[in-house]
Amino acid sequence: MSAAMDTESTYSGYSHYSGHSKKAHRQGRDRHKSPRSKDGSRSEKSVTIQTPPAEPLLGNDASRAEEGQDDNWGETTTAITGTSEHSISQEDIARISKDLEDSVGLDCKRYLGLTVAAVLGLLVFLTPIAFILLPQILWRDALEPCGTVCEGLFISVAFKLLILLIGTWALFFRQPKADLPRVFVFRALLLVLIFLFVFSYWLFYGVRILDSKDTNYQGVVQYAVSLVDALLFIHYLAIVLLELRQLQPMFTVKVVRSTDGESRYYSLGHLSIQRAALVVLENYYRDFTVYNPALLTASKSRAAKHMAGLKVYNVDGNNASGQSRAMIAAAARRRDSSHNELYYEEADHERRVKKRRARLVVAVEEAFTHIKRLQAEEQQKAPGEMMDPREAAQAIFPSMARALQKYLRTTRQQQYHSMESILQHLSFCITNNMTPKAFLERYLSPGPTLQYDRDRWFSKQWTLISEEAVTSGLQDGIVFVLKCLDFSLVVNVKKIPFIKLSEEFIDPKSHKFVLRLQSETSV
């Protein structure tokens with residue numbers, strides 16, 4: 001059988017080569033007539049794509065070359081070869097240096113904000129304690145004795161400070177999710193308010209207590225208690241401004257991916273443009289399917305081929321004007337028939353996908369049946385000879401590898417699934433006793449972006465493009481763009497309309513009726 005397959009592949013390669021030689025001969029013969037044959041022969045070349053060594057292969061090179069000829073993979077896929085992976089240009093060097101400078105600036109800005117907030121928070125918590133301890137240190141002998149009420153205020157200050165510490169930790173001490181281009185306005189206002197508040201308390205304390213050396217120690221403690229109470233009210237204000245204000249939905253945003261037109265709708269509250277962009281990106285990684293540039297190459301090649309069908313000729317003289325109009329009309333008629341080509345191309349692709357899917361489903365079901373048989377055999381062995389889930393996955397993977405490889409290449413998903421990730425997913429399914437349908441769920445349809453390997457989809461930096469200031473709030477009709485290296489997200493903001501509901505009272509007696517039956521019947 002292998003000899004027959006070799007003969008068949010040799011025959012197909014020979015026929016492929018002879019076809020190219022005939023086209024090359026026809027190209028040399030008709031070069032002065034039409035330059036289109038050169039483009040046509042180039043589009044039909046069979047290309048062998050070498051996968052980068054960082055991505056494990058699902059099969060050997062021979063099967064990959066055979067599948068590339070079978071599914072026209074070389075014509076509709078853009079692959080990164082070894083040369084492009086290791087090459088670098090002057091523009092890349094400039095871009096890398098710019099990214100490094102931007103990252104250094106963002107890190108400095110982030111650490112500066114954290115340092116200022118930490119110093120201010122430490123000052124806030126130490127100020128009430130300093131108000132109570134300074135009179136004891138400076139003029140202890142002149143102070144009036146602290147009674148029962150004064151000692152009770154000590155307990156009040158201690159518990160209030162503990163509550164304030166826990167609330168501050170829960171509200172402010174969080175790991176940052178992103179680096180925003182501008183400061184958060186409400187948080188900056190709260191920091192300024194706290195600074196002015198503490199500064200005014202220290203100023204009053206220095207003038208009225210330190211300078212005069214007030215001997216009423218209970219009044220000093222009550223002054224510290226009033227400071228802690230005011231700080232608790234400021235913390236409540238921070239919860240309202242930072243957390244509660246944005247909960248009520250006020251706007252509906254439509255997010256459209258620029259490359260394939262996939263869109264989603266989200267409801268947002270009162271947010272600034274930069275924080276709305278952050279919410280959009282968080283939902284994008286969860287809701288949008290992973291961006292696959294391989295799906296766009298077919299439409300691009302088809303559009304380029306149809307644009308090449310329309311030629312413009314410079315005709316000298318009036319006698320050839322009719323002939324030129326006839327040639328342009330013929331090209332236009334051929335362009336108008338492109339919908340037939342698109343229809344048959346999509347139908348053929350759907351047929352191949354269904355065929356590959358059926359083979360994959362059958363192969364995976366047979367593999368999982370083999371797993372159950374292996375598990376039944378392992379239960380009869382000694383406990384030390386039990387097979388690990390990873391070993392079981394490696395044992396059954398070759399039986400489904402070829403069908404899975406063909407399906408992923410037909411649906412153009414092979415760049416998102418390496419052999420190692422498939423083995424990990426297979427061992428996970430075996431460990432948790434999952435069905436073949438649960439295993440195939442990841443591969444039969446493209447999933448959300450977070451489902452795949454982080455290195456294959458994650459964009460380290462997004463650029464926010466907006467005509468309005470990014471610190472301004474959302475308004476009706478605002479459009480801003482989130483741009484990364486490969487595509488952009490266009491966000492259109494619409495305000496939720498004001499809804500007016502009216503009530504209509506229905507009298508319960510209006511539903512009552514009387515059913516009168518006739519004494520005579522038709523019988």
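Model, not experiment: these values are computed from the prediction. (Residues numbered from 1 in each chain as written. Predicted model: local features only at pLDDT ≥ 70, side-chain atom pairs only at ≥ 80, totals over all residues. Heavy atoms only, no water.)

J.: Please set out the nonpolar core residue by residue, giving values where relevant.
T.: Counting 29 residues, the largest nonpolar core has Phe-131 and Phe-197 as the members making the most contacts within it. Counting only elements with at least two residues in this core, the list comes to helix H6 (90-138), helix H7 (148-172), helix H8 (185-210) and helix H9 (217-244). Here this core takes 11 residues from H9, the largest share from any one element. Not counting chain neighbours up to four residues away, the residues in contact with Phe-131 comprise Tyr-201, Trp-202, Tyr-205, Val-220, Tyr-223, Ala-224 and Leu-227. In terms of nonpolar packing, the next biggest core, distinct from the first, is built from 26 residues, Val-255, Ala-277, Trp-462 and Leu-474 among them. (Core = buried A, V, L, I, M, F, W, Y, C linked by side-chain atoms within 4.5 Å. Buried < 20%, exposed > 50% of the residue type's maximum accessible area, 1.4 Å probe, protein only. Helix = DSSP H or I, 4+ residues; strand = E, 2+ residues; numbered from the N terminus. Contact = heavy atoms within 4.5 Å.)

J.: Please set out the UniProt feature "transmembrane region" (unreviewed entry) in the protein chain residue by residue, giving values where relevant.
T.: Under the local residue numbering, the UniProt record ascribes the feature "transmembrane region" (unreviewed entry) to residues 111-133, 153-172, 184-204 and 224-244. Helix makes up 100% of residues 153-172 and strand 0%. Its end C-alpha atoms lie 28 Å apart. Taken end to end, residues 184-204 has its terminal C-alpha atoms 31 Å apart, with 95% of it in helix and 0% in strand. (UniProt positions renumbered as here; feature names shortened; annotations may be inferred.)

J.: Can you break down the packing of helix H14 (residues 389-410) against helix H15 (residues 419-431) residue by residue, with the values?
T.: Where H14 contacts H15, the two axes come as close as 9 Å, and the packing angle between them is 125 degrees. Taken together, H14 and H15 sit at an angle that is classed as oblique. Pair H14 / H15 crosses with right-handed handedness. Side by side, H14 and H15 meet where Pro-389, Arg-390, Ala-392, Ala-393, Gln-394, Ile-396, Phe-397, Met-400, Leu-404 and Leu-408 of the first sit next to Met-419, Glu-420, Ile-422, Leu-423, Gln-424, Leu-426, Ser-427, Ile-430 and Thr-431 of the second. Looking at the contact of H14 with H15 residue by residue, the class counts come to 13 nonpolar, four polar and two charged. (Axes fitted to C-alpha atoms, helices over the stretch in contact; angles between N-to-C directions. Parallel < 35°, antiparallel > 145°, perpendicular 65-115°, else oblique. Left-handed = near helix turned anticlockwise from the far one by under 90°. Nonpolar A, V, L, I, M, F, W, Y, C, P; charged D, E, K, R; others polar.)

J.: Account for the pattern of salt bridges, naming residues and giving values.
T.: If charged atoms from side chains of opposite charge come close, those side chains can pair. Tallied over the full model, the rule gives 10 salt bridges. Put simply, Glu-262 and Arg-257 hold a salt bridge, and the shortest N to O gap is 2.7 Å. By relative accessible area, Arg-257 is classed as buried at 1%. A network of salt bridges, in which partner residues are shared, links Arg-257, Asp-260, Glu-262 and Arg-264. (Salt bridge = Lys/Arg side-chain N within 4 Å of Asp/Glu carboxyl O.)

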